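# Coordinate inspection notes
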Amino acid sequence: MTISPAIPNTDAAFQAFLDELHQQYAPLSEGTVASYIPELTKVDPATFGICVVTRDGRVFEAGDTRHIFTIQSISKVFVYGMALQEHGRDYVLTRVGVEPTGDAFNAIVLDDRSMRPYNPMVNAGAIATTSLIKGDGPTERLNRMLDMFRGYIGHDIFVDMSVFMSERTTGHRNRGMAHLMRNFGMIDERIDESLDLYFQQCSVTVDCRDLAVMAATLGNHGKNPITGAQAVNQRYIRDILSVMHTCGMYDSAGEWVYRVGLPAKSGVSGGLIVVVPNQFGLAVFSPLLNAQGHSIRGLRVCEALSDHYGLHLFDSSMGCTRFVQQLGQSNGEVS
Ligand code: GLN
């Protein structure tokens, strides 16, 4: 099937485009579901959803957008925002850097000059940012973190206990990294408590629509476009989007920026979020992963959407602006 080369000038045209993408990529059966967390193998590999939420709160959905799964590494983006908000940019920079690693998400590697983990999007850096979450004891810290997620999602959320226990009992690599970072003073002595909090943040349940709302919130200066809640102080949006842009796709971050050109983050359960700043949030869910742990259908959908509408941040045709003008004209307003 070929995708008609038209800029959407109505909501219906954009919805039709998403439906076409879904139809085109649903038959793809390449890739495997994540198996190193035993509970994640239980997912149906055919599940596939695409959702876009615009800055003015319009929602476009195709496929299984209400299927529930655990957020996994996509959580790292939001916990990083929370750490920035609680400690400020300068302090957080003493504990976690902003350099891409070129290594896999679970690499046991620290910057050998500063001994910091390289960035907050890889596991080591995410464990370091999670360790910064304030609170008196594990329950208060977890509750504060869940409140933060609720601000982005707009409704109550839960931790999947089976996935949490599965990660907790098999997460030896993450445990090893935490102890290494403790050795260098990058995390405090609450090692097991912070690891539990990290496994819990990865086990927060969402659906594809929730993820699109979260991405749209980042694209809307931190304000949830559906509820109007300010989920994170807008001064930290540029930090969050910068590390997503350079590090969110781990050891394929360079290729991602080259092909799609937008800040993004993936998770091993099959979620992928993309932020089109000042425009919209996109989320794809499909659990068949490539070797780097990214959703294969997710990658294809994002590349097709970016190409088709010229959304790459460095696209000389400025498709990003054109998209908004046209979609905006037909609907009265898009600021
Ligand atoms: N919970 C997973 C882990 O720590 C998250 C990894 C991911 O989604 N890339 O290994």
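Here, every reference points to the structure presented above.
Residues numbered from 1 in each chain as written. Predicted model: local features only at pLDDT ≥ 70, side-chain atom pairs only at ≥ 80, totals over all residues. Heavy atoms only, no water.

Let's shift gears to the pattern of salt bridges. Opposite charge on two side chains makes pairing possible when the charged atoms of those side chains draw close. Across all of its chains, the model carries 16 salt bridges by this definition. Here Asp111 ties to Arg113 by a salt bridge, and the two come within 3.9 Å at their closest N and O atoms. Look at Asp111 and you get buried, because its relative accessible area is 9%. Judged by its relative accessible area of 75%, Arg113 falls in the exposed class. The partner of Arg259 in a salt bridge is Glu303, with the nearest N and O atoms 3.2 Å apart. (Salt bridge = Lys/Arg side-chain N within 4 Å of Asp/Glu carboxyl O. Buried < 20%, exposed > 50% of the residue type's maximum accessible area, 1.4 Å probe, protein only.)

Around the ligand, the surrounding shell holds 13 residues, and the nearest of these are Tyr36, Gln72, Ser73, Glu167 and Tyr198. With respect to the ligand, the side chain of Gln72 contributes an N or O atom lying 2.6 Å from a nitrogen atom. Measuring from a nitrogen atom of the ligand, one finds a side-chain N or O atom of Tyr250 at 3.2 Å. Contact with the protein chains covers 99% of the free accessible surface of the ligand, which is 300 Å². Here the shell around the ligand is composed, by residue class, of seven nonpolar, five polar and one charged. (Near = heavy atom within 4 Å. Polar contact = N/O pair within 3.5 Å; in protein donor to acceptor, adjacent residues only side chain to side chain. Areas by Shrake-Rupley, 256 points an atom, 1.4 Å probe, with all protein chains shown as cover. Nonpolar A, V, L, I, M, F, W, Y, C, P; charged D, E, K, R; others polar.)

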